[in-house]
Amino acid sequence: MTPVYRAPRETDFARFPDSAPIVIDNGASTFRIGWAGEAEPRVSFRNIVQRPRHRSSGETVTVVGDTDPALMKYFDCTRTSIRSAFDDDVVYQFEYMEYILDYAFDRLGATSEVGHPILMTECECNPSFSRARMSELLFETYGVPSVAFGIDDVFSYKYNQKLGNCGEDGLAISCEFGTCHVVPFLKGQPVLGACCRTNVGGSHITDFLRQLLSLKYPYHVANFSWEKAEELKKEHCYIAADYMSELQIFKNNKEEAEEKTRYWQLPWVPPPRDEPPSEEELARKAAYKEKAGQRLRDMAAAKKSQKIADLEEKLSGLEDLMDHLDGADEQEATSILGRSGYLSQQEIKSDILKATQSLRKAKGESNGNEENADASGADKYPLVSVPDDMLTPEQLKEKKKQILLKTTTEGKLRAKQKRAEEAALREKQEEERRTENPELYFDELRARYLELSEKVDQRKRQKVNGNNNSSGAVGRGERLNAVQKERMRLLTTAAFDRGKGEDTFGMRDEDWLVYKKMSKESEEDDGKDDDESELARIASKIQEVDPTFVNKHDAVEPAPDPHKIRPLTAEDFKIAIGIERFRCPEVLFQPGMIGLDQAGIDEMVSISLRRLMEDESVKERLCQSILVTGGSSLFPGMIPRLESGIRQFRPYLTPLKLVRAADPILDAWRGAAAFAASSKFGKQTFTLADYREHGESLFHRYNIVYTL
């Protein structure tokens, strides 16, 4: 609520002379101030203080009441916390109270020296210390001539008594911002010794509603401000006649629950739709793509031309070198080879052949027949055909290596050719068996597939779990098979044992036999790959006969679909307020829902009546005039629920009458304004002289008596 202010007119001060009292309803929620005898307060604003900073200069200002939207242009009100002078309806922060009084007196038109008597409301059984500090603030800071304090519930009850809503004997149930009170009245006077209080009020309902919505919609927590929760509480919350029955409706009856649910639509902007590109856009993208492709092709062509030029230059240099060697004698040829870095003419010829093949490949020409390929393979080992007496010791060592490598390569080629011949023969035999007896052939394939599959699976398990490991511990040695262990032993022996720590491997001819033995071991390892390839071949054969067959070794589990983010819709920004409508106000009757071990407002009536040292007839008379006041009494269903709750603590068929105040919010101020305008007001004030004579002890030894 934005602070309400009506500038005082000259006629106002004419009507109210210097001695006209000022009436203040100092509520924890709203501060109201006006002149005695009026029907409405002059100024009303939220009883809070904020201290935002200027956006540019960083200067701090004090803002009383709700934030003025005009200040948002110059001050950052989002980073400041809201301060209140109250704690459970008792003033304890008098620094903030001074800011509030400054703002109120300024809006009322009073000067720095307030020369008017003050009547201020307070809660029941307000501590004397709080009343003393408030009087000190009014006397010392504002120069008030006299001060009087009164209970807001009493003023509201007496005002409604004049309207005929309640009698002299009755009860006042006040549901305020931070607390709830029950005050009994006998012969028009409050019995403060029998009043009852619980620290639950409208602020707790607002906080509870905010917490529930924040837990229900965690992605919209920023939208659940205290002010918005207060607005939703006032618009949608109600008191359930039977709390458990209302819960069952929302649990079982969906149609009725839907009717009682209210919705709050948050601002939502639909995302832009993806429209198909136009023909111009497609043409532009195609042109850009073609341009980029042409640039890449040009770069590839330039790179290819450069490579061809480099190969031609290299080939030309090698041919010139061969020409010089052909026309030179032996000593000159050795000198030329030493300068060129080659060991023999065979190496130069091998490089010429490689350069020629690379040049043909770069130009896109054929590399020739298989004879050229065989020749290229033979030229990989140029020292093999050179006699030993024409080679140096280093070349002899290199020749031995080339002989071993050539022998190994030729052996692998022969083995490969032999395997190809065996495969062709096996295919021919299988074709004959399939032609003679297809069913038997298919059964044999199935049996062979199961055998190989089990063999491959067992080998994989051994790699993971180790071989013959009964102890459960899997070490490096246990994970290696016999072939791998032998290879490790040979490598260790070659590196350390032969030279006693020195790298002398290869100095003797028998050292090179290790390569041949390791090559055989590699062939044994290749048997594992042969099993897997044979398994794949048999699986393909089975699939030719049975298309529904699936090779479990080739089957790949489908990858889960990546999580797709669903686009947000207007429904995601719709806040449903259903069970929260009656669950939040229920804390007035069940404070244990928010962790407070206190009595509800219906039970408070029974407690207050028990504290009265009167007979049952007096209590029955009080129950026939119960006034419900305060802002929280405006919830729909409050009076029936209170009546139902109070009857549970009263004797059977006891008369009971509950009435809501004419205006639960303003009746306290109106009652105080009427009392301040009466002749009884001057008899119950504390003057400045009394304060200076007795000091704070005056408020500790004297209790105010309300003879309204």
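- Named according to an unreviewed UniProt entry, the protein is Actin-related protein 5 originating from Hordeum vulgare subsp. vulgare.
- The protein has a UniProt comment under Subcellular location (unreviewed entry) that states "Nucleus".
- Heading Sequence similarities (unreviewed entry) of the UniProt record for the protein holds this comment: "Belongs to the actin family. ARP5 subfamily."

## Describing the overall build of the protein
Then step 1. Within the protein, the secondary structure is distributed over 24 helices and 20 strands.
Then step 2. Counting the 708 residues in the protein, one finds 41% classified as buried.
Then step 3. The long-range fraction of contacts in the protein, counting pairs at least 24 apart against all pairs at least 6 apart in sequence, stands at 66%.
Then step 4. Only carbon and sulfur atoms are counted for the fraction: they give 52% of the accessible area of the protein, which is about 41,700 Å².

## Considerations on the pairing of strand β18 (residues 626-629)
Then step 1. Going residue by residue along β18, you find Ile626 and Val628 tucked away on one face and Leu627 and Thr629 tucked away on the opposite face as well.
Then step 2. The sheet contact formed by strand β12 (residues 170-175) and β18 spans four bridges and is parallel. For Ile173, the partnering residue across the bridge sits in β18 and is Val628.
Then step 3. The parallel pair β18 and strand β19 (residues 658-660), bridged by helix α21 (residues 638-647), forms a crossover whose chirality is right-handed.

## With respect to a negative patch on the surface
Then step 1. On the surface, a cluster of negative charge is contributed by Glu319, Asp320, Asp323 and Asp326.
Then step 2. Counting through the fold element by element, Glu319 comes out in helix α9 (residues 279-326).
Then step 3. For Glu319, a relative accessible area of 40% translates into the label partly exposed.

## Side note on the packing of aromatic side chains
Then step 1. Using the criterion set out here, one finds 12 aromatic pairs in the structure.
Then step 2. Seen from their ring centres, Phe31 and Phe45 are 5.3 Å apart, and the 25 degrees between their planes marks the pair as stacked. Remark: Phe45 occurs in strand β3 (residues 43-46) and Phe31 occurs in strand β2 (residues 30-35); sequence separation between them is 14 residues.
Then step 3. With a relative accessible area of 0%, Phe45 lands in the buried category.
Then step 4. Aromatic rings pair up to connect Tyr238, Tyr243, Phe250 and Phe582 into one cluster.
Then step 5. Across the ring face of Tyr263, the terminal group of Lys574 is positioned such that the distance to the ring centre comes to 5.3 Å.
Then step 6. One residue, Arg641, lies across the ring of Phe589, its end atom 4.4 Å from the ring centre.

## Regarding the confidence of the model for the protein
Then step 1. A residue-level look at the protein finds 83% of positions with pLDDT of 70 or above and a mean pLDDT of 81.
Then step 2. In this model, residues 467-479 is a region of pLDDT below 50 whose contacts with residues beyond four sequence positions or in other chains number 17 contacts.

## Regarding the UniProt feature "coiled-coil region" (unreviewed entry) in the protein
Then step 1. As recorded in UniProt, the feature "coiled-coil region" (unreviewed entry) lies at residues 301-328.
Then step 2. Measuring from the first to the last C-alpha atom of residues 301-328 gives 41 Å, for a span that is 93% helix and 0% strand.

## As for the packing of α9 against helix α11 (residues 345-363)
Then step 1. In the contact formed by α9 and α11, the axes pass within 9 Å of each other and the chain directions differ by 155 degrees. Here α9 lies roughly antiparallel to α11, going by the angle between them. In this structure, the crossing between α9 and α11 has a hand that is left-handed. Contacts between α9 and α11 involve Lys304, Ile308, Leu311, Glu312, Leu315, Leu318, Glu319, Leu321, Met322, Leu325 and Asp326 from the former and Gln345, Ile348, Lys349, Asp351, Ile352, Ala355, Thr356, Ser358, Leu359, Ala362 and Lys363 from the latter.
Then step 2. Taken together, the residues of the contact of α9 with α11 sort by class into 12 nonpolar, three polar and seven charged.

About the thresholds
Starting afresh in each chain, residues are numbered from 1 along the sequence in its written order. Given that this is a predicted model, residues contribute local features only at a pLDDT of at least 70 and side-chain atom pairs are listed and counted only at 80 or more, while totals for whole chains, interfaces and linings are drawn from all residues. Heavy atoms throughout the structure, all of them, feed into the side-chain values; hydrogens and water do not. UniProt positions are given in the numbering used here, feature names are shortened, and annotations may be inferred rather than shown by experiment. Each helix is a run of H or I in the DSSP string that is no shorter than four residues. Each strand is a run of E no shorter than two, and both are numbered from the N terminus. A simple rule labels every residue: compare its accessible area, found with a 1.4 Å probe on the protein chains alone, to the largest value its type can have, and call it buried under 20%, exposed over 50%, or partly exposed in between. We call two residues in contact when some of their heavy atoms are within 4.5 Å. Calculation of accessible area relied on Shrake-Rupley with a 1.4 Å probe; when residues are assessed, cover is drawn exclusively from the protein chains displayed. We call two strands paired when DSSP finds no fewer than two bridges between them. The handedness of a crossover follows from its direction of travel: if, with the strands pointing away from the viewer, the path from the first strand over the helix to the second runs clockwise, the crossover is right-handed. Here a patch means residues that are over 30% exposed by relative accessible area and free of salt bridges, tied together within 9 Å if like-charged and within 5 Å if nonpolar (Val, Leu, Ile, Met, Phe, Trp, Tyr). Basic side-chain nitrogens of Lys or Arg form a salt bridge, by our definition, when they fall within 4 Å of a carboxyl oxygen of Asp or Glu. A residue counts as positive if it is Lys or Arg and as negative if it is Asp or Glu; His and the chain ends are not included. Charged groups are reduced to one reference atom each: NZ for lysine, CZ for arginine, CG for aspartic acid, CD for glutamic acid. Working definition: rings of Phe, Tyr and Trp (its six-membered ring) pair if their centres are within 6.5 Å, and the pair is stacked with planes under 30 degrees apart, edge-to-face with planes over 60 apart, and tilted otherwise. By the criterion adopted, a ring carries a charge over it if an Arg CZ or a Lys NZ lies within 6 Å of its centre and within 35 degrees of its normal. A residue's pLDDT is simply how confident the predictor is in it, with values from 0 to 100. Under this scheme, a helix contributes an axis fitted over its contacting stretch, all axes are lines through C-alpha atoms, and angles between N-to-C directions fall in the 0 to 180 degree range. The cut-offs work like this: below 35 degrees is roughly parallel, past 145 is roughly antiparallel, 65 to 115 is roughly perpendicular, and the gaps in between are oblique. Should the near helix be turned anticlockwise from the far one by less than a right angle, the crossing is termed left-handed; should it be turned clockwise, right-handed. Three classes are used, and their members are as follows: Ala, Val, Leu, Ile, Met, Phe, Trp, Tyr, Cys and Pro are nonpolar, Asp, Glu, Lys and Arg are charged, and the others, Gly among them, are polar.

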